[in-house]
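Listed below, chain by chain, are the residues.
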Amino acid sequence: MKYVMLIAARGGSKRFPGKNIWPLKDKPLLAHSILYSQRVLPDTEIYVSTDSEEIAAVAREYGAKVIDRPKELSGDLCTSDLVLQHAAIELLLTGKEFDYMIHIQVTNPLRPEGMMENALKIIESGQYDSLFTVSPLVRKLGRLVDGRFIPWNFVFGQRSQDMETLYFENGLLYISHRDLILNGRIRGDSLYSQIVDHPFGYLDIDTKEDFEEVEYYYMKYRYFENYK
């Protein structure tokens, strides 16, 4: 299998301006995803799709190549599917061949050991055209109707340990076949959902408070040791 790594990092962020290059300890946030990619996939080319010159400069400084993203694909409402489709077309136009595109998000900078290796084994089995990661969520969820709480996934009095485990898309990893991406999709009909039951699966940076939580786990798990 031939892979390319794609990291999407636009410049605009209303809730946390400049978050994609905000320093996490001694490195810009984006750098952590690039360094992770270099460590787990040393022979795979890494591309950063961005509309920002500042982000592009950081990407190049840490050894990634840059795909210039047009403004119409850099707004709040633009989907990852369209961003990856644009990147795939740009790469194919320059003669870059690949079977699968791996996508990781800047805002999920901490990733469990072995996650990527396990995912690639699953993809290389040939049974799946796409993969994404999920994490378990055991919460008593419900709706509010005129101030009244209506249980959705449980009944009042039910113990948490007796509830069905639900899962949420954690954003840590996506792997998609080239043909899927060219058709504007990153999740195919034979999608594999890889479970990540680790605290890193619950970390996603949207605000400065989220960033502070990531900093805590970065030190707690001594993540910096991965760069030695």
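For the structure, check the block above.
My aim in this report is to walk through the structure given alongside it, one point at a time. None of the values given here were measured: they were computed from a predicted structure.

In this section: the pattern of salt bridges. Two side chains bearing opposite charge may form a pair once their charged atoms approach each other closely. If you walk through the whole model with that rule in mind, you get 11 salt bridges. Here K96 makes a salt bridge to E45, at a shortest N to O gap of 2.7 Å. Here K96, found in the loop between α3 (80-93) and β6 (100-105), pairs with E45, found in the loop between α1 (29-40) and β4 (46-50); they are 51 residues apart in sequence, far enough to count as distant. We classify K96 as partly exposed; its relative accessible area is 23%. Its salt-bridge partner being R159, residue D162 comes within 2.8 Å of it at the nearest N-O pair. By relative accessible area, which is 47% here, R159 ends up partly exposed. Via salt bridges that share partners, R15, K19 and D206 belong to a single interconnected network.

The next thing to look at is the sheet that holds strand β10 (residues 166-177). Across the sheet, which stays open at both edges, the 7 strands sit in the order β5-β4-β1-β6-β10-β7-β11 with mixed pairing between neighbours. Each edge of the open sheet is held by one strand with a lone partner, namely β5 (65-68) and β11 (191-195). Strand-to-strand, the axes of this sheet are offset by a mean angle of 30 degrees, without reference to chain direction. Relative to β5, β4 runs parallel, the two being bridged by 4 bridges. Considered in β5, the bridge of T50 is made with D68.

Let us look at helix α6 (residues 208-220). With 13 residues, α6 should cover 18 Å at 1.5 Å per step; its first-to-last C-alpha distance of 18 Å lies within 8% of that length. Within α6, burial applies to F211, V214, Y217 and Y218. An end-on view of α6 places all buried positions within 120 degrees of arc, on one side of the element. Turned more than 90 degrees away from the buried face of α6, the exposed residues are E209, E212 and Y216. Where α6 is buried, its residues touch β2 (23-24) and α1.

In this section: the pairing of β10. Strand direction decides the pairing type here: β6 and β10, joined by 4 bridges, are antiparallel. Following the sheet pairing, H103 is matched in β10 by Y174.

Taken together, L144, F149 and F156 make up a surface patch of nonpolar side chains, about 360 Å² in accessible area. Here F149 shows up in strand β9 (residues 148-151). A residue is classified by how much of its surface remains accessible, and F149, at 33% relative accessible area, is partly exposed.

Its place among the elements puts E97 in the loop between α3 and β6. With relative accessibility at 47%, the residue E97 sits in the partly exposed group. Counting along the chain gives 95 residues from E97 to K2, while the straight-line C-alpha distance between them is 7.5 Å.

Rules behind the numbers
Counting restarts for each chain, with residues numbered from 1 along the sequence as it is written. The model is predicted, so local features are restricted to residues of pLDDT at least 70 and side-chain atom pairs to those at 80 or more, both for listing and for counting; the totals for chains, interfaces and linings are taken over all residues. To obtain the side-chain values, all non-hydrogen atoms of the structure were included, while hydrogens and water were left out. The working definition used for a salt bridge is a side-chain nitrogen of Lys or Arg within 4 Å of a carboxyl oxygen of Asp or Glu. Runs of E in the DSSP output that reach at least two residues are strands. Runs of H or I that reach at least four are helices, and both are numbered from the N terminus. Exposed residues in this analysis have more than 50% of their type's maximum accessible area, buried residues have under 20%, and partly exposed residues fall in between, with area computed by a 1.4 Å probe over protein chains only. A strand pair is defined by DSSP finding two or more bridges across the two strands. Angles shown run from 0 to 180 degrees and are taken between the N-to-C directions of axes, each axis being a line fitted to C-alpha atoms and, for helices, limited to the stretch in contact. Under the convention used throughout, the expected extent of a helix is 1.5 Å for every residue step, that is, one less than its residue count. Directions from the helix axis toward the C-beta atoms define the arc. Any two residues whose heavy atoms approach within 4.5 Å are treated as being in contact. The patches described consist of residues with a relative accessible area above 30% and no salt bridge, like charges being joined within 9 Å and nonpolar side chains (Val, Leu, Ile, Met, Phe, Trp, Tyr) within 5 Å. Using a 1.4 Å probe, the Shrake-Rupley method yields the accessible areas, and only the shown protein chains count as cover for residues.

Read these as spatial facts, not as claims about activity.
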